[in-house]
Amino acid sequence: MIYRFGIILLILILLFIPVFATPYMILLLTELVLLSLFSTSYNLIFGYGGMVSFGHAAYFGLGAYTLAIAVKKYGLSPFVGLILAPLIGGIFALIIGWFCVRTVRLYFALLTLAFSQLFYTIVFQWYDFTGGSDGIHGIVRPEVLSPSLNFYYFSLGIVIICMVFLWRIIESPFGWSLRAIRENVERAQFLGINDRLYRLIAFILSGCFAAVAGALYTFFQRWASPDLLFWTTSAEPVLMCILGGMFNFFGPAVGTMLFIFLRQVITDYTLYWPFVLGMILLFLVLFIPQGITGFVGDILRKITKNYSGGVKNAS
Amino acid sequence: MLLETRKLRKAFGGVVAVNDIDFELKEGEIRAIIGPNGAGKTTFFNLITGYHTPDAGRIIFNGVDITALPPYRVSMMGITRAFQIINIFPRLKVIESVQLALLARRRITLNMFSSAKKMLVHDAMRILEIVGLKEYADFPSSNLSHGDQRILELALALAGEGKLLLLDEPTAGMSPWERVKITGLIRKIRDEMGITILFSEHDMDVVFGISERITVFHMGTIIADGKPEDVKGNREVRMVYLGERGRAGSN
Amino acid sequence: MTSITWGVDTIILLILSGLTKASLLFIVAAGLSLVFGVLRIINLAHGSFYMIGAFIAASIVTRNPEGPSFWFAIAIAPFIVAIFGWIIELAVLRRIYRSEHIVQLLATYALILILGDVVRMIWGAEYISISFPQPLTKPVSIMDSYFPSYNLFVIAWAPLIALFLWWFVYKTGIGCLVRAAVSDAEMLDALGINIQRIFSIVFTIGAFLAALGGIIVSPMGSIGLGMDLEILIEAFVVAVIGGLGSFAGALLGSVIIGLMHSFGITIAPRMAMAFIFLAMVTVLIIRPWGIFGEKER
């Protein structure tokens, strides 16, 4: 249907756009693709799981540093780093998640925030191992991946594979259970779903994919810095999910795209990008909480009236 | 004996909601629990389903002691419940909710690889057909009318494939016609699916209409238990009810 | 481990500097807690008010470095920011009282972005330094060492603010309404009392306190962008540990963190901050509502 067509179109665009793009645009596209993975991984727990985490940057950053340290400190191949990243991300997500899924709502958000700040501080201070506030620089890309174009396709490939995995997870019985937990925890429990376990699993998976995104990002940028773990980095996927719509698989990616697009356009005109971003966010949060895809979806529904199930039963 | 409680007790703060209750329920019964508000009916149900832990006493279901089990374990043991407050999944479609309930029952919910959309559709539709919601399969649950949401509640409970179904005031807030629908449905569920039904109710017409036995709660204890005609004639029950406002049973 | 000589005077100095930090933290955290306790909103932009207060004070002082500008600033600037806070409450916060926490967090985060950039627009990205104000420029001698007299002034503020808050909440009519609003805002509303005005007043006081903190801290270090995030995180840690919504908690929490900070930086400088966050994590795991807080719901 329209959906499938749209996805194929999107993939085709992503595959062929570099032909027309400037080198700078290719860099932007790479960033777009990687951050889309980051925000989609976040949406697994946010939009689908109903868990508001303010510490997702921790896994992104841990993945990034895993690759950086593996390459610079231990001389391993970056591909090994890429494989290690989700493992490390997953382990930390397991530990942190184990504590976090026991809490609710506000305290969940605060605890995820506290953990990520804790890790930020450790990374920031542990000069000998992580390079401290300087970060780790000079990560060399293998020759075949040196040109931006090649790296773009490499990232795109990995991200598409990850997205397919995420898609399958979300559309699986597990994904449905997660949604049920989001909608009504009690009822899900009564169905026999152990909500803590499922939340934890979602948390771990989400952390793994975020770590992959982080590792690729560092591979891309050739450096890792503690900022990747700072709480303002955690705010970005939240923003992108809200911007694009959190109840839709592609919402976060759309949000990322819009975010980057806006950032580019606006920083061309003014220095005050945070101001504009803040205004847009405020506007969205106050007036369009369902995000762009939700909003567009609503409009499309009203136009096509194709929506089966819109009529309230009058019995 | 399908369900038994022995000296079941639960207090909240200083208030004893359930006071040393001995209760027995045979398989295949349609049993009503009645009593004024605050008599302990809801707490009793909550204890059985594991939502609360009793202060004392035991709950035995199908020969197994389920006293301290958490809700999701209790439901796995075969007790399902439809709630008084509408407790559905608003954004999930009707069919999706039922499918999910079935998936949960069959313990497939940890599956992360198959596409859930195509799973157990036939069984889900069968349940929707029994309860009469087949046409609304693709509606988001929040779009249904109040009465139909209650029926969806019931469908979810049925998907639990339990032996015992607990219903919290199944006809609360329903129109007379909806009430007829539900009571017919309750009987149909027991007759066609062999599920034992234990429900709490305030509407005496419904209670005397379909229940085969009635247990009367008052201030945390059982003051009467027996066939409908016996309960109707019971003096204590009449005192409790005639002294109350609201839908007192007719003579 | 740095080699320091552990005399009694070192310890006293560390305690005093810990209390200095504690006092600052208390002023800011009390405001944050107050707003959360009454309005049930976590105002992430609390740090922004702090920063704005600091910048306004810096402007006033740099305009007229001689003379009592600082005292003028401390008398006027908190009120300016308080009014500004009132406007924000009107324009933004009012719409999100009944929203989910995530909406409130995002909206106030948006405010951080906006206000932070407004500061950048007005004052630029440079750091500003101002010196200790007139009678407090010389250090006092404690045993064999010296301690800035200004810091003693800072320490004095905490009991002052604590007293003020105690008086306000327990001894004034409005305070009584505030306490009632904390336990049951809807009931008050039903009684015909203007909840809206109570909320506005409380939020304004919160902004006032944040700005006051910013002004007090301004001679102590350099004033620059990023102050908002720094203090926000620290005030957060304090408020969470002490208990969101509790003044006693804010007081206790700020003393704990202040001392942890001053001793930590001296004993194990690289791990000090990590320990502070570890404390926050621990509290959130063991007793999420903090030492003096109350369970939500």
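Structural data are supplied above this passage.
Nothing here was measured: the structure is a model prediction, and the numbers come from that model.

## Things to note about the sheet that holds strand β5 (residues 64–65) of chain B
In a beta sheet, neighbouring strands pair by backbone hydrogen bonds and run either parallel or antiparallel.
Here is step 1: The strand order across the open sheet built from four strands is β2-β1-β4-β5 (chain B), with neighbouring strands paired in antiparallel fashion. Taken across any chain shown, the strands that pair with only one partner, and hence form the sheet edges, are β2 (15–25) and β5 of chain B.

## Re the arrangement of the chains
Here is step 1: Across the two pairs of chains in contact, the largest number of contacts is found between chains A and B.
Here is step 2: These two, chain B and chain C, are apart from each other, with no contact and a minimum C-alpha gap of 17 Å.

## A short note on the packing of aromatic side chains
Here is step 1: For the coordinates displayed, the defined rule picks out 41 aromatic pairs over all chains.
Here is step 2: Seen in terms of ring centroids, C:Phe132 and C:Tyr150 are 5.1 Å apart; in terms of plane orientation they differ by 20 degrees. Their pairing is stacked. Note that C:Phe132 is positioned in the loop between α4 (101–123) and β1 (139–142) and C:Tyr150 in helix α5 (residues 149–171), a separation of 18 residues in sequence.
Here is step 3: Of the aromatic side chains, those joined through ring pairs into one cluster are A:Phe38, A:Phe60, A:Phe79, A:Phe151, A:Phe154, A:Tyr217, A:Phe219 and A:Phe220.
Here is step 4: One residue, B:Lys232, lies across the ring of B:Phe208, its end atom 4.8 Å from the ring centre.

## Some points on helix α11 (residues 231–244) of chain A
Here is step 1: Between its terminal C-alpha atoms α11(A) stretches 21 Å, which fits the 20 Å expected from 14 residues at 1.5 Å a residue.
Here is step 2: Just downstream of α11(A), A:Gly245 is the residue with a positive phi angle, here 110 degrees.

## Some points on the interface of chain C and chain A
Here is step 1: Contact residues are listed per partner, giving 42 residues for chain C and 39 residues for chain A.
Here is step 2: With both chains or domains summed, chain C and chain A bury close to 3,600 Å², and 82% of this area falls on carbon and sulfur atoms.
Here is step 3: For chain C, the biggest contributors to the area lost against chain A are C:Leu106, C:Tyr109 and C:Arg270; these three give 17% of the whole.
Here is step 4: Across the chain C-chain A interface, the total number found is zero salt bridges.
Here is step 5: Across the contact surface, chain C and chain A share three residue pairs in polar contact (both at pLDDT 80 or more).

## Digging into the state of the cysteines
In protein chemistry, a disulfide is the covalent bond that joins the sulfur atoms of two cysteines.
All names here are of chain A.
Here is step 1: Applying the stated criterion to the full structure yields zero disulfides over all chains.
Here is step 2: Distance from the sulfur of Cys100, which forms no disulfide, to the nearest cysteine sulfur (Cys208) is 15 Å.
Here is step 3: Judged by relative accessible area, which is 0%, Cys100 ranks as buried.
Here is step 4: Cysteine Cys208 remains unbridged, with the sulfur of Cys162 as its closest cysteine sulfur at 10 Å.
Here is step 5: When its relative accessible area of 18% is taken as the criterion, Cys208 is described as buried.

What counts and how
Residues numbered from 1 in each chain as written. Chains lettered and ligands numbered in written order. Predicted model: local features only at pLDDT ≥ 70, side-chain atom pairs only at ≥ 80, totals over all residues. Heavy atoms only, no water. Pairing = 2+ DSSP bridges. Helix = DSSP H or I, 4+ residues; strand = E, 2+ residues; numbered from the N terminus. Contact = heavy atoms within 4.5 Å. Phe/Tyr/Trp six-rings, centres within 6.5 Å; stacked < 30°, edge-to-face > 60°. Lys NZ or Arg CZ within 6 Å of the ring centre and 35° of its normal. Expected span 1.5 Å × (residues − 1). Buried area = accessible area lost by both parts, 1.4 Å probe. Salt bridge = Lys/Arg side-chain N within 4 Å of Asp/Glu carboxyl O. Polar contact = N/O pair within 3.5 Å; in protein donor to acceptor, adjacent residues only side chain to side chain. Disulfide = S-S within 2.5 Å. Buried < 20%, exposed > 50% of the residue type's maximum accessible area, 1.4 Å probe, protein only.

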